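# Coordinate analysis (summary)
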Amino acid sequence: MNDKHDGTVAATGGASEIQQRRVQVAQRRKKIDNDASAQYIQVCDHSFFYGSAQVLFDLNMDIPERQVTALIGPSGCGKSTLLRNFNRMNDLIDGISHRGDILIDGRSIYDPYLEVISLRKRIGMVFQKSNPFPKSIYENIVYSLRVAGRNRRAELDETVERSLRAAALWDEVKDRLRETAFSLSGGQMQRLCIARAIANRPEILLMDEPCSALDPVATGKIEDLIHQLKEEYTIIIVTHNMQQAARVSDRTAFLYMGRLIEYDDTETIFTNPTEEQTEAYVSGRFG
Amino acid sequence: MGTDANRRAPEDIVCKDADSRRSTRPRGETFVWVTAMGLTVGLTMIVFLLGLVVVNGFGVFWPRSVALIEFREDRGTRFQGGTKALGVITIEQERDVRDLSLEQRASLHAADRREKQLFLGNRDAFGQAFAFFPAGDIRSVTYPDDVIRAERLEWGDALFFPVRLEMEDGSVIQADDPTFNSLLLKRVDDVAARRAQIHQIERYEIGRINLQMHQLEQEERFYSRQDELTAQQRSDRAAVARRMDQLRAQYQPLADQAARLRSKQHQDTFVYRLVTGDERSMSVGQIVHYYYPNRLTLVGRAQIFAGQLWRFLSGFPREANTEGGIFPAIFGTFVMTLMMSVAVMPFGVMAAIYLREYARQGLFVRAVRIAINNLAGVPSIVFGIFGLGFFVYFVGGGIDRMFFDRALPTPTFGTGGILWASLTLALMTVPVVIVATEEALAAVPRGVREGSLACGASKWQTIRYLVLPASAPGIMTGLVLAMARGAGEVAPLMLVGVVALAPNLPLDSVFPFIHLERKFMHLGFHIYDLGFQSPDSEAAKPMVFATTLVLILLVVVLNLVAILVRNHLRKKFTADKF
Ligand SMILES: Nc1ncnc2c1ncn2[C@@H]1O[C@H](COP(=O)(O)OP(=O)(O)OP(=O)(O)O)[C@@H](O)[C@H]1O
Ligand SMILES: [Mg+2]
């Protein structure tokens, strides 16, 4: 898929920086190909800066496919920043820069030949604060299809039902799909956002504290949902709730002050962590 | 203060600590009153202004009784040498006695200190339409039944006693004949119908021919200026001449027909008597409309009111705008405001989108934003000068040289016109739209944008499908403000296309139907022209009020429409597909 660009690069010899990048990426990819346990998402020596302030320090982690990976850590440690880097949401912010790389399926997300839009189409995102569009419930869900130019009625209808069922919202809203999304309750809105995020069948689902504004019942529903979704999607979830991390995730990464302190199977992290800081944090004895 | 201290006394005992006592007093209460006072002052001024305009504006059309005033013979006051005056009492007020000596002032009776203003009409006979009379010199005020107030084509209104109607066939009907009124009414209606016919022929049919002839003349002039003509041009020139002859042939019968109708207007003569006793006559064709003001019931008055109001709104102006209607001004204002809105919307919105969504927020963008805000404070006349220099002379002149060179040196687009006026005002109001749009765009939550981008939408798709619809109501608010400012603006228009009397409307039945290059009339300028440029400003005052009222109502109507559209958008874009 990438190779078709090679001719183009040779033609535009002036872009030496770009070429350099590509060489780096190719080298890394070779390394990965040789690695028997190649992972789905790979974060390699990744550092990130808001202006001159560094918030992520040389992160390295491999995230497996079709599993739930939880990012935990105290407030301000860079969880959201890392999560938003996976779909390059931080591009919106002025003055950002990064070092190192993030590979998804072996391909760098910073590849200058990769279109950000096509990247984002493969990655669904649920935000900390639910953010339904000022449109009907139906239109909220089919939005990602419409912007991709898919407007066939049958496909849209099918998508709406599938997504809403997956988000455990179908029974509650099936009779009011044309009503504005603002008529939903807070928990319903968050589930709508989840339904929207999975509408065009992304490969990866990023969730930034999806339950922070929800009551225990709605939280339970969403956790069940995550369990089901993991069959199909690779999920990365940020959470402040240790129990939740323990309940839903297969792997857990503990970040502290922009550094990856420990990254292991969830069970190990919660029962037998290697690092003292991790132990302190998961047991609530932190800071 | 004293009661205050008393009221607080018990608290002093309970709360020893000074801080807690202060906190029990409701804070900021006084400022509620200050803010309320601010609003009250503002509201009062607006209500007063609107009330003044509404009362005076509508009052113009309300038929008022006509008083016959007789003066005391032992006093010096006379009117036209006689002791009677006929008119509508418009004002009763304290006399200005500052130019009298102290002794004279002391000798004045209480009644002499007041005076009455009378609307006399009959400007042709009396030379003035208004006069003041000292109240003390008036012996009696009566309201004679048989007074007529007539609106005439020339010289304004007339107040008189009818005498007789002399018909073309020689028959004469006296005013006391029972059939007199119905007969006169019939004749006046006939005359009005014929007048409309003449208007139709002259304005539209002959007007169209004139326009075409004018264009052909320009062609002909172009050929005659050429040193040598090619064969093609020669044949074209011959075609022009043929076409010209055809038009002349069409013109003649129409002109004859108009002349025939016109002569019929003067068949019947109406004889009337003034309050001075003079008998005068005029052709019935002079009368636009008449009524017996002292015979009217309330319903009758309301009917007259409606009729006069309708003629004012739908009629064309007469007599240097001081009489007749203001339809061309209403129409010109309306069309110009619409054209301005059409021009200002896309520009303002596009500029705001670029500024807010695409431009890198930095020093330069900040400077641009400040410049835009300041642009809103530039005196409007400066925009007028810019419009004249840029649109009229530069762009319009360029268009003339490129497309209308045959008409030169007579300018087509190179002179003020409704298009240039609209664009000038659009330029003037574009900051308002930009600022409002930017605010509306900024109010769209960041989460919505991020959500859209996360769904794989491009930046433009996000703007197009989410940001713009969500900010449409705010943008409409900007448009409302821009229209309100644009519709009431006069100064720049005087430079770029407004005239006191435009021969044609900017929109008519002659191809290409919309004449963007035409000069037009405008209510705001009409007000200025009536109030300050007409020979008798006292007589024009009611018209000024009425025109002001119409302008305000027009702006209100345009704004209401915009607000309705806004509410519709609000509903549409929150619960529907894009
Ligand atoms: N747009 C930004 N510009 C500058 N600095 C930022 C920006 N966003 C976040 N930061 C900083 O980066 C650091 C990491 O922020 P981040 O939002 O990733 O924290 P977090 O781990 O998600 O915290 P929380 O759990 O409170 O959401 C913080 O110190 C924060 O102040
Ligand atoms: Mg966060």
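For clarity, every value in this text was computed on a predicted model and none was experimentally measured. (Residues numbered from 1 in each chain as written. Chains lettered and ligands numbered in written order. Predicted model: local features only at pLDDT ≥ 70, side-chain atom pairs only at ≥ 80, totals over all residues. Heavy atoms only, no water.)

## Comments concerning the overall build of chain A
The cut-off we apply is this: Helix and strand assignments follow DSSP, with helices taken as H or I runs no shorter than four residues and strands as E runs no shorter than two, numbered in order from the N terminus. Relative accessibility under 20% of the residue-type maximum defines a buried residue, over 50% an exposed one, and the middle range a partly exposed one, all with a 1.4 Å probe and only protein chains included. Residue contacts are counted whenever heavy atoms from the two residues lie within 4.5 Å of one another. The accessible surface values rely on the Shrake-Rupley method and a 1.4 Å probe; as for residues, cover is taken only from the protein chains in view.
Scanning chain A for helices and strands turns up 12 helices and 10 strands. Counting every position in chain A, which comprises 287 residues, the buried fraction comes to 52%. Excluding contacts between residues fewer than 6 apart, the proportion of contacts in chain A whose partners are at least 24 apart in sequence is 67%. Total accessible area computed for chain A in this model is approximately 12,700 Å², and 47% of it derives from carbon and sulfur atoms.

## Points about the packing of aromatic side chains
As a reminder, the rule being used: The criterion for an aromatic pair is that two Phe, Tyr or Trp rings (for Trp, the six-membered ring) have centres within 6.5 Å, with stacked assigned to planes under 30 degrees apart, edge-to-face to planes over 60 apart and tilted to the rest. The criterion for a charge sitting over a ring is simple: Lys NZ or Arg CZ within 6 Å of the ring centre, and within 35 degrees of the ring normal.
Inspection of every chain in the model, using the stated rule, returns 26 aromatic pairs over all chains. Between Phe79(B) and Phe126(B), the aromatic rings sit 4.9 Å apart at their centres with planes inclined by 80 degrees, giving edge-to-face as the arrangement. With a gap of 47 residues between them, Phe79(B) in the loop between strand 1 (67-71) and strand 2 (84-94) and Phe126(B) in helix 5 (residues 123-126) connect regions that are remote in the sequence. According to the relative accessible area criterion, Phe79(B) is buried, its value standing at 5%. With relative accessibility at 9%, the residue Phe126(B) sits in the buried group. Between the aromatic rings of Tyr354(B) and Tyr358(B), the centroid separation amounts to 6.4 Å while the plane-to-plane angle is 25 degrees, which identifies the pairing as stacked. With Tyr354(B) and Tyr358(B) both in helix 9 (residues 327-358), this residue pair falls four residues apart, about one helical turn. Tyr354(B) gets classed as exposed once you look at its relative accessible area, which sits at 51%. Judged by relative accessible area, Tyr358(B) falls into the partly exposed class, the value being 37%. Among the aromatic side chains, those forming a connected cluster through ring pairs are Phe58(B), Phe61(B), Trp62(B), Phe305(B) and Phe312(B). Here Arg178(A) stacks its cationic end above the ring of Tyr138(A), 4.1 Å away from the centre of that ring.

## So, the packing of helix 5 (residues 137-147) of chain A against helix 8 (residues 186-197) of chain A
Residues and elements named next belong to chain A. The condition is simple: For helices, the fitted axis covers only the stretch in contact; all axes are lines through C-alpha atoms, and the angles between them, taken along N-to-C directions, range from 0 to 180 degrees. Polarity classes work like this: nonpolar for Ala, Val, Leu, Ile, Met, Phe, Trp, Tyr, Cys and Pro, charged for Asp, Glu, Lys and Arg, and polar for all others, with Gly in that last group.
Closest axis-to-axis distance for the helix 5/helix 8 pair is 7 Å, and the angle between their directions is 35 degrees. Counted together, Ile 137, Asn 140, Ile 141 and Ser 144 of helix 5 and Leu 192, Ala 195 and Arg 196 of helix 8 form the full contact between these two elements. Partitioned by chemical class, the residues of the contact of helix 5 with helix 8 number four nonpolar, two polar and one charged.

## Observations regarding the domain arrangement of chain B
Residues and elements named next belong to chain B. The condition that has to hold: Domain borders in the structure are assigned automatically or taken from a domain database. Put simply, buried area is how much 1.4 Å-probe accessible surface two parts lose in total, over both of them, once they are put together. Put simply, a salt bridge is a Lys or Arg side-chain nitrogen that is within 4 Å of an Asp or Glu carboxyl oxygen.
When its domains are assigned, chain B resolves into domain 1 (57-167 + 268-314), domain 2 (181-265) and domain 3 (327-521). For domain 1 versus domain 2, the separation of C-alpha centres amounts to 42 Å. With 13 residues of domain 1 in contact, the opposing surface of domain 2 contributes nine residues. Summed over both sides, the interface of domain 1 with domain 2 buries roughly 1,000 Å², with 65% coming from carbon and sulfur. Linking domain 1 to domain 2 there are one salt bridge. Here Asp 268 ties to Arg 187 by a salt bridge, and the two come within 3.1 Å at their closest N and O atoms.

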